[in-house]
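As a plain string of letters, each chain reads:
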Amino acid sequence: MLKRKDVLGLYDMSAEEIDEILTVGMSMKKLLKQNIKKLPHLQGKSVTTLFYENSTRTRSSFELAAKYMGAHVVNITAASSSVQKGETLVDTGKTLDAMKNDVIVIRHPMGGAPRLLARTVKAHVVNAGDGMNEHPSQALLDMLTMRENLGELKGLKVAILGDISHSRVAKSNLFGLTKMGAEVTMYAPRTLLPTGIERMGAKVCSSREEAVDGANVVMGLRIQLERQHAGNFPSLGEYARFYGVNEQIMKYAKPGALVMHPGPVNRGVELTSGLIDGATSRIEEQVLSGIAVRMAILFLLTKEEV
Ligand code: CP
């Protein structure tokens, strides 16, 4: 059982809590691999997904995770809700509370929106990605995939390459992986590196080769053009050539190093198609880990103390 009301980020989550989620998530993944999709863990509970930004993986995997454990699920997108009529986030949250929701899963373009919601509702709040801040369930599913394939996270070297400035995935992975004893290296165009990322625990490298050297895992990140207001690199072709992950760069990593990406991926830009579809790619496996880890989060938040 998690001794917290909400899951808002990994910055303030302990290594013990992360370990508990990953351990339960691994058990859930074993069940999913046996095609077991009818569990009683959330029977009688209600879960609402409240998405103010687009999503394929995160929203549908939270929905499936809740349904596989017997919950009632409601999906709300900002485009088709009373947000369009001017309703505030807090008032929307109060409405969902009045409906006796047990969990609200929220994605919002503003960093900090899930924390504001969590302060004002009785329901458990799970951050499904807030602006450029955090995406905790994505980092937890990434860590689950690494643990399943490579064993303990302690001592692993994980190289993260791409649009780090705009990436909530990079930040949550940095917080989570370093707490679990892994080393995180980063490489990106200077225009896509946030100031102070070293102080958060990352080793910022001066080349792709240095970042990937001896890595157990190489993670590409999507270029978030929707959050960029001016050109941060000359062209997508030049980005791929000078900053993308390709077969040549992977030669610097440990033999058999895993290739990961949170998705959605821009083929041929952040990663080559050969790597995306190759033997060391774990991108599809990350998707299944996503349902498993979200089952663990929903279960551990709502489980009652006996
Ligand atoms: N990785 C991720 O958050 O994907 P979606 O935007 O499809 O949810």
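Not measured: the values here are computed from a predicted model. (Residues numbered from 1 in each chain as written. Predicted model: local features only at pLDDT ≥ 70, side-chain atom pairs only at ≥ 80, totals over all residues. Heavy atoms only, no water.)

**Details of the layout of surface pockets**
Step number 1: A volume near 430 Å³ is recorded for the largest pocket.
Step number 2: Along the walls of the largest pocket sit 20 residues, with Arg107, Arg168, Arg222, Gly263 and Pro264 positioned nearest its centre.
Step number 3: In terms of residue class, the lining of the largest pocket is built from four nonpolar, nine polar and seven charged. (1 Å grid on protein atoms, 1.4 Å probe; cavity = no way out; pocket = protein on both sides within 12 Å on 5 of 7 lines; lining within 4 Å. Points joined across faces, edges and corners; volume = space filled by probe spheres on them. Nonpolar A, V, L, I, M, F, W, Y, C, P; charged D, E, K, R; others polar.)

**Notes on the site of the ligand**
Step number 1: Taken together, Ser55, Thr56, Arg57, Thr58, Arg107, His135, Gln138, Pro262 and Gly263 make up the full set of residues near the ligand.
Step number 2: Separating a nitrogen atom of the ligand from a backbone N or O atom of Gly263 is a distance of 3.1 Å.
Step number 3: The pocket occupied by the ligand, as judged from atoms lying within 2 Å of grid points, is the largest pocket.
Step number 4: Looking at side-chain class alone, the shell around the ligand contains one nonpolar, six polar and two charged residues. (Near = heavy atom within 4 Å. Polar contact = N/O pair within 3.5 Å; in protein donor to acceptor, adjacent residues only side chain to side chain. Sits in = over half its atoms within 2 Å of the grid points.)

**Brief notes about the packing of aromatic side chains**
Step number 1: The tally for this structure, following the rule as stated, stands at three aromatic pairs.
Step number 2: With 5.7 Å between their ring centres and 35 degrees between their planes, Tyr239 and Tyr243 make a pair best called tilted. With Tyr239 and Tyr243 both in helix H8 (residues 236-243), this residue pair falls four residues apart, about one helical turn.
Step number 3: Residue classification places Tyr243 among the partly exposed residues on the basis of a relative accessible area of 24%.
Step number 4: Three or more aromatic residues link up through ring pairs in this structure, and these residues are Tyr187, Tyr239 and Tyr243. (Phe/Tyr/Trp six-rings, centres within 6.5 Å; stacked < 30°, edge-to-face > 60°. Helix = DSSP H or I, 4+ residues; strand = E, 2+ residues; numbered from the N terminus. Buried < 20%, exposed > 50% of the residue type's maximum accessible area, 1.4 Å probe, protein only.)

**What to know about helix H6 (residues 168-179)**
Step number 1: If you check H6, its first and last C-alpha atoms are 17 Å apart, about what 12 residues at 1.5 Å a residue would give, namely 16 Å.
Step number 2: When H6 is considered as a whole, its buried residues turn out to be Arg168, Val169, Ala170, Lys171, Ser172, Asn173, Leu174, Phe175, Gly176 and Leu177.
Step number 3: At the N-terminal end of H6, a side-chain oxygen is found 3.3 Å from the backbone nitrogen of Val169, two or three residues along, and the residue is Ser167.
Step number 4: The positive-phi residue at the C-terminal boundary of H6 is Gly181, with phi of around 90 degrees. (Expected span 1.5 Å × (residues − 1).)

**Section: the environment of Leu275**
Step number 1: If you trace the backbone, Leu275 turns up in helix H10 (residues 273-276).
Step number 2: Residue Leu275 is classed as buried on the basis of its relative accessible area, which comes to 8%.
Step number 3: Through-space distance from the C-alpha of Leu275 to that of Asn246 is 6.9 Å; in sequence the pair is 29 residues apart.
Step number 4: With residues near it in sequence (within four places) discarded, Leu275 still touches Val245, Asn246, Glu247, Met250, Val259 and Ser281. (Contact = heavy atoms within 4.5 Å.)

**Brief notes about the sheet that holds strand E4 (residues 124-130)**
Step number 1: One open sheet accounts for four strands, arranged E2-E1-E3-E4; its pairing is parallel. Looking along the sheet, the strands with just one partner apiece sit at the ends: strand E2 (72-77) and E4. Ignoring strand direction, the axes of neighbouring strands in this sheet form an average angle of 15 degrees.
Step number 2: Sheet analysis places strand E1 (residues 46-51) next to strand E3 (residues 103-108), joined by five bridges and oriented parallel. By the bridge assignment, Phe51 is partnered in E3 with Arg107. (Pairing = 2+ DSSP bridges. Axes fitted to C-alpha atoms, helices over the stretch in contact; angles between N-to-C directions.)

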